[in-house]
Amino acid sequence: MAKIGYVFDAYGTLFDVHSAMRKHADAVGPHYAAISETWRVKQLEYSWVRSLMGSYADFWRLTGEALDFALHHHGIDDEKLRNGLLEEYWTLDAFDDVVPTLKRLREEGYRIAILSNGSPDMLGAATDHSGIASLVDDIFSVDAVKTFKTSPDVYRMIVDAWDCKTKKVGFVSSNRWDIAATSKLEFKTVWLNR
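This section reports on the structure supplied with the text. This one's a predicted model, so the numbers in the text were calculated from it and none came from an experiment. (Residues numbered from 1 in each chain as written. Predicted model: local features only at pLDDT ≥ 70, side-chain atom pairs only at ≥ 80, totals over all residues. Heavy atoms only, no water.)

## Some remarks on the pairing of strand 4 (residues 169-173)
The condition is simple: Burial status follows relative accessibility: with a 1.4 Å probe on protein chains alone, a residue under 20% of its type maximum counts as buried, one over 50% as exposed, and anything between as partly exposed. Labels follow the DSSP assignment, with helices taken as runs of H or I lasting at least four residues and strands as runs of E lasting at least two, numbered in each case from the N terminus. Paired strands, as defined in this entry, are two strands with at least two bridges between them according to DSSP. The handedness of a crossover follows from its direction of travel: if, with the strands pointing away from the viewer, the path from the first strand over the helix to the second runs clockwise, the crossover is right-handed.
In terms of burial, strand 4 is a largely internal element, five of the five residues being buried. Both faces of strand 4 are covered, namely the face carrying V169, F171 and S173 and the face carrying G170 and V172. Relative to strand 5 (residues 188-191), strand 4 runs parallel, the two being bridged by four bridges. Across the sheet, V172 pairs through a bridge with V190, a residue of strand 5. Chirality of the crossover, the property in question, places the unit of strand 4, helix 9 (residues 176-184) and strand 5 among those that are right-handed.

Written out as structure tokens, the structure reads:
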């Protein structure tokens, strides 16, 4: 049975979450990569804990809280740097293979969507900045269901909106936990090991 479309995770799959820290590497110092990794790990951890508690806050807030933790953990107290790093999240770099891949899928007649923990404003800014807005049919944000991945409610947004079975949708993510959740729901999964 042919797939009707492909759904992509955003952060870490389409957009390079570490590009924000790299752009400020000189100001952050030689441990910028470790700080960036802490930022990302805490961002995800906060989303999972909030889901388990049933205490939703949008991803922009969690991104700021995670950055605050990472900077404090690594001994950095610089409000200007903090604000500059956070603003970079609106204009994250897309990976080099993103535009050609989406163009090819579009040419082959597939429907294309993004499903992300990101807030609608964050996702809109990132897709505009990266030049992929015209290549994406739908953007699904967890804001609509007020819980984060890996809740099944998040992934159901796709099949509800597209009125299809999960087996007809290819789901692409760089996150193993995202692939585990969509595999359990019988999406056709592609783990993009970045």
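Back to the write-up after that little detour.
## What about the packing of aromatic side chains?
As a reminder, the rule being used: Pairing of aromatic side chains requires ring centres within 6.5 Å, counting the rings of Phe and Tyr and the six-membered ring of Trp. Pairs whose planes differ by under 30 degrees are stacked, by over 60 edge-to-face, and all others tilted. By definition, being over a ring means that NZ of Lys or CZ of Arg is both within 6 Å of the ring centre and within 35 degrees of the ring normal.
Across all of its chains, the model carries eleven aromatic pairs by this definition. The interplanar angle of 75 degrees and the centroid separation of 5.0 Å between the aromatic rings of Y6 and Y110 together place this pair among those described as edge-to-face. Residue Y6 is found in strand 1 (residues 5-8), and its partner Y110 is found in the loop between helix 6 (98-107) and strand 2 (111-116); the two are separated by 104 residues along the sequence. Between F59 and F148, the aromatic rings sit 6.3 Å apart at their centres with planes inclined by 50 degrees, giving tilted as the arrangement. One end of the pair, F59, is in helix 4 (residues 59-73); the other, F148, is in the loop between strand 3 (138-141) and helix 8 (152-162), and 89 residues separate them in sequence. By way of ring pairs, the aromatic residues Y11, F15, W39, Y56, F59, Y89 and F148 are connected into one cluster. The aromatic ring of F69 is capped on one face by K42, whose charged end is 4.4 Å from the ring centroid. Directly above the ring of F95 sits R194, whose terminal nitrogen or CZ lies 4.0 Å from the centroid.

## Quick word on the layout of surface pockets
Counted only if it meets this: We place a 1 Å grid over just the protein atoms. Points where a 1.4 Å probe fits but has no way out form a cavity, open points with protein on both sides within 12 Å along at least 5 of 7 lines form a pocket, and any residue with an atom within 4 Å of a point lines it. Grid points are joined across faces, edges and corners, and a volume is the space filled by probe spheres set on the points. Residues were grouped as follows: Ala, Val, Leu, Ile, Met, Phe, Trp, Tyr, Cys and Pro as nonpolar; Asp, Glu, Lys and Arg as charged; and all remaining residues, including Gly, as polar.
Looking at the largest pocket, its volume works out to about 410 Å³. Lining the largest pocket are 19 residues, and of these E37, R40, L44, S174 and N175 sit closest to its centre. Contributing elements (two or more residues each) for the lining of the largest pocket: helix 3 (32-53) and helix 9. If you tally residues by element for the lining of the largest pocket, the top one is helix 3, at six residues. Partitioned by chemical class, the residues of the lining of the largest pocket number eight nonpolar, five polar and six charged. As a volume, the second largest pocket reaches approximately 170 Å³. In terms of residue count, helix 6 provides more of the lining of the second largest pocket than any other element does, four residues in total.

## As for unusual backbone geometry
A cis geometry characterises the amide bond from K149 onward to T150, with omega recorded as 25 degrees. The residue D163 is not glycine, and still its phi comes out positive at about 50 degrees. Tracing the backbone through its elements, the reader meets D163 in the loop between helix 8 and strand 4. Accessibility expressed as a relative area gives 69% for D163, which makes it exposed.

## Description of the environment of H18
Within the secondary structure, H18 is located in the loop between strand 1 and helix 1 (19-23). Using a relative accessible area of 24% as the deciding quantity, one classes H18 as partly exposed. A sequence separation of 21 residues divides H18 from W39, and the C-alpha atoms of the two residues are 9.2 Å apart.

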